[in-house]
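What the coordinates show
Given next are the chains, with one letter for each unit.
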Amino acid sequence: MKEKLLQEFFKVFGREAQAVYFAPGRVNLIGEHTDYNGGHVFPCALTIGTYAAAAKNADNTLRFYSMNFEELGVITTELSNLKKEEAHDWANYPKGVLKVMLDAGYPITSGMDIVYFGNIPNSSGLSSSASIEVLTGYVARELFGFDVSFVELAKIGQKAENEFIGVNCGIMDQFSIAMGKAGHAIFLDTADLSYEYAPIALEDAKIVIACSNKKRGLGDSKYNERRSECEAALAKLRTVLDIHSLGELSEEEFEKNRSIIGDPVKERRAKHAVYENQRTIKAVAALKANDIEQFGKLMIASHDSLRDDYEVTGIELDTLVSAALSQEGVIGSRMTGAGFGGCTVSIVKTRAVDAFIKNVGEIYKDKIGYAADFYVVDAGCGPYTL
């Protein structure tokens, strides 16, 4: 891969790159739409992700090129004039990160030429955008030699997404990508960013991701709407409870006070946030106790809640999960990511993986009319230089 990136960089820019860098994608095993509600999440970084070959240049010009979007050519902008531009498409993500870094005083003292290549499916819910964000921050850190922690890189990526791109996302995607550890998932409390690594010891089972191939963009999905519905529910609950987030509530406390919300839709949204947070805590405890069957049951309950209470699944994801759960050797399955398209994650007995991919693929294509893509993945590490 390194050689491929170096050759492409020379072809596009006519000179040598200084180095090649990598940042992973991520999959969330459980804990969906909890990260902006002050709850827990349980993601892991992947061994697939985004690569970049990069070099500083002698002027203040940024030149971005993606091997995934060759038709867009080299996207050029000035370091002193970083603003979101529709025509710059995917390049708005690295632009946003560099803008946040410059505003924070990081010494990015010249322009850069960067070639990107990602082997995460775009718009899949495996965080290709957050992968580019963390990678860009890491590239700037390495090229210009300043000190910035991986936790800070995650915060910079989130800020870029919130303020530059305009998607009101939580911290999970960027954090799990920046802080990934091979063979482990991250049990993260998004309220205070305290975390612990939990080994994913599946023994005779594999993590299988199914990409629905229904394209979606967070910015034009109902993501921001769901967030504001939860905020409205929280505001009502805070009139009688001393809480800062929905993640502070147990199921019992929520049930006792849910009528205060006064709107059935917002009630369901808040219910998902509260119950999903508790499911995540229980799921990690089950994994630590080597009770993979219980972990699977909690995954299934998570999907049901995302479908019925949060209403972010849709026919594509529901079809994939329903097909998965009809297969032999499946321990658990659920949608992962923001929803409205994207991916499912399933835990499948190793002996059943091939049949799972074949059968679920056929069921999905028959019902939806186009194919899903499947990835058998491992938990990978955070950003590094190749």
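Residues numbered from 1 in each chain as written. Predicted model: local features only at pLDDT ≥ 70, side-chain atom pairs only at ≥ 80, totals over all residues. Heavy atoms only, no water.

Quick notes on the overall build of the chain
Rules: Helix numbering and strand numbering both begin at the N terminus, where a helix is a DSSP run of H or I of at least 4 residues and a strand a DSSP run of E of at least 2. What the globule rule says is 2.2 Å times the number of residues to the power 0.38, and the radius of gyration is computed from C-alpha atoms. Buried means the residue's accessible area, taken with a 1.4 Å probe over protein chains only, is under 20% of the maximum for its type, while exposed means over 50%, and partly exposed covers the values in between. We call two residues in contact whenever any of their non-hydrogen atoms come within 4.5 Å of each other. Computed by Shrake-Rupley with a 1.4 Å probe, the accessible areas treat only the displayed protein chains as cover when residues are assessed. Charge assignment: positive for Lys and Arg, negative for Asp and Glu; neither His nor the chain ends contribute. Here the site of a charge means atom NZ of a Lys, CZ of an Arg, CG of an Asp or CD of a Glu.
The helix and strand inventory of the chain stands at 11 helices and 12 strands. For 386 residues, the compact-globule formula gives about 21 Å, and the C-alpha radius of gyration of the chain, at 21 Å, lands near that figure. Out of the 386 residues in the chain, the part that is buried amounts to 59%. Nonlocal contacts in the chain, meaning residues at least 24 apart in sequence, comprise 71% of its contacts between residues at least 6 apart. With the model as given, the accessible surface of the chain reaches about 15,000 Å², and the carbon-plus-sulfur share is 48%. Looking at charge distribution, the chain has the averaged site of its 41 positive side-chain charges lying 1 Å from that of its 53 negative ones.

Observations regarding the sheet that holds strand S9 (residues 330-336)
Hydrogen bonds between backbone atoms are what pair the strands of a sheet, whose relative direction is either parallel or antiparallel. Selection rule: If DSSP finds at least two bridges between two strands, the strands pair. The angle between two axes is taken between their N-to-C directions and runs from 0 to 180 degrees, where each axis is a line fitted to C-alpha atoms and a helix contributes only its stretch in contact.
What the four strands build is an open sheet, ordered S9-S10-S8-S11; its pairing is antiparallel. One side of each edge strand has no neighbouring strand; the edge strands of this open sheet are S9 and strand S11 (373-377). Taking each pair of neighbouring strands and ignoring which way they run, the sheet shows an average axis angle of 20°. Relative to S11, strand S8 (residues 205-211) runs antiparallel, the two being bridged by five bridges. Looking across to S11, one finds that Val208 is bridged to Val376. Those strands touched by helix H11 (residues 353-368) are S8, S9, strand S10 (343-349) and S11, and its axis lies near 160° from that of S11.

A word on the packing of aromatic side chains
Just so we agree on the cut-off: Stacked, tilted and edge-to-face are the three classes applied to pairs of Phe, Tyr and Trp rings, where Trp contributes its six-membered ring and a pair requires centres within 6.5 Å; stacked means planes under 30 degrees apart, edge-to-face means over 60, and tilted covers the rest. Working rule: Lys NZ or Arg CZ, within 6 Å of ring centre, within 35 degrees of ring normal, means a charge sits over the ring.
Tallied over the full model, the rule gives 16 aromatic pairs. Relative to Phe187, the ring of Phe42 lies with its centre 6.4 Å away and its plane at 75°, an arrangement referred to as edge-to-face. You can see Phe42 sitting in strand S2 (residues 40-56) and its partner Phe187 sitting in strand S6 (residues 184-189), a full 145 residues away along the chain. With respect to class, Phe42 is no different from Phe187; both count as buried. Judged by centre distance (5.4 Å) and plane angle (75°), the rings of Trp90 and Tyr116 are edge-to-face. In this pair, Trp90 sits in the loop between strand S4 (75-78) and helix H2 (92-103) while Tyr116 sits in strand S5 (residues 112-118), placing the two residues 26 residues apart along the sequence. The ring centre of Tyr275 lies 5.3 Å from the NZ or CZ of Lys271, which sits over that ring.

Observations regarding a negative patch on the surface
We count it as follows: Surface patches are defined over residues having more than 30% relative accessible area and no salt bridge, joining like charges when they lie within 9 Å and nonpolar side chains (Val, Leu, Ile, Met, Phe, Trp, Tyr) when within 5 Å. Whenever a carboxyl oxygen of Asp or Glu lies within 4 Å of a side-chain nitrogen of Lys or Arg, that contact is scored as a salt bridge.
Together, Glu70, Glu71, Glu86 and Asp89 make up a region of like negative charge exposed at the surface. Looking at the secondary structure, you find Asp89 in the loop between S4 and H2.

Quick look at the pattern of salt bridges
Counting across every chain of the model gives 30 salt bridges. With a shortest N-O distance of 2.7 Å, Arg334 and Glu32 are connected by a salt bridge. Here Arg334 is found in strand S9, whereas its partner Glu32 is found in the loop between strand S1 (19-30) and S2, with 302 residues between them in sequence. Grouping residues by exposure puts Arg334 and Glu32 together as buried.

Description of helix H1 (residues 2-13)
The cut-off we apply is this: What a helix should span is 1.5 Å times the count of its residues minus one. By arc we mean the arc of the directions from the helix axis to the C-beta atoms, nothing more.
Along its 12 residues, H1 runs 16 Å from first to last C-alpha, staying within 8% of the 16 Å computed at 1.5 Å per residue. Turning to H1, its buried residues are Leu5, Glu8, Phe9 and Phe13. Each buried residue of H1 sits inside an arc of 105° when the element is viewed along its axis, so together they form one side. For H1, exposure combined with an orientation more than 90 degrees from the buried face picks out Glu3, Gln7 and Lys11. The elements touched by buried residues of H1 are S1, S2, strand S3 (61-66) and S5. Once H1 ends, the next one or two residues include Gly14, with phi positive near 70°.

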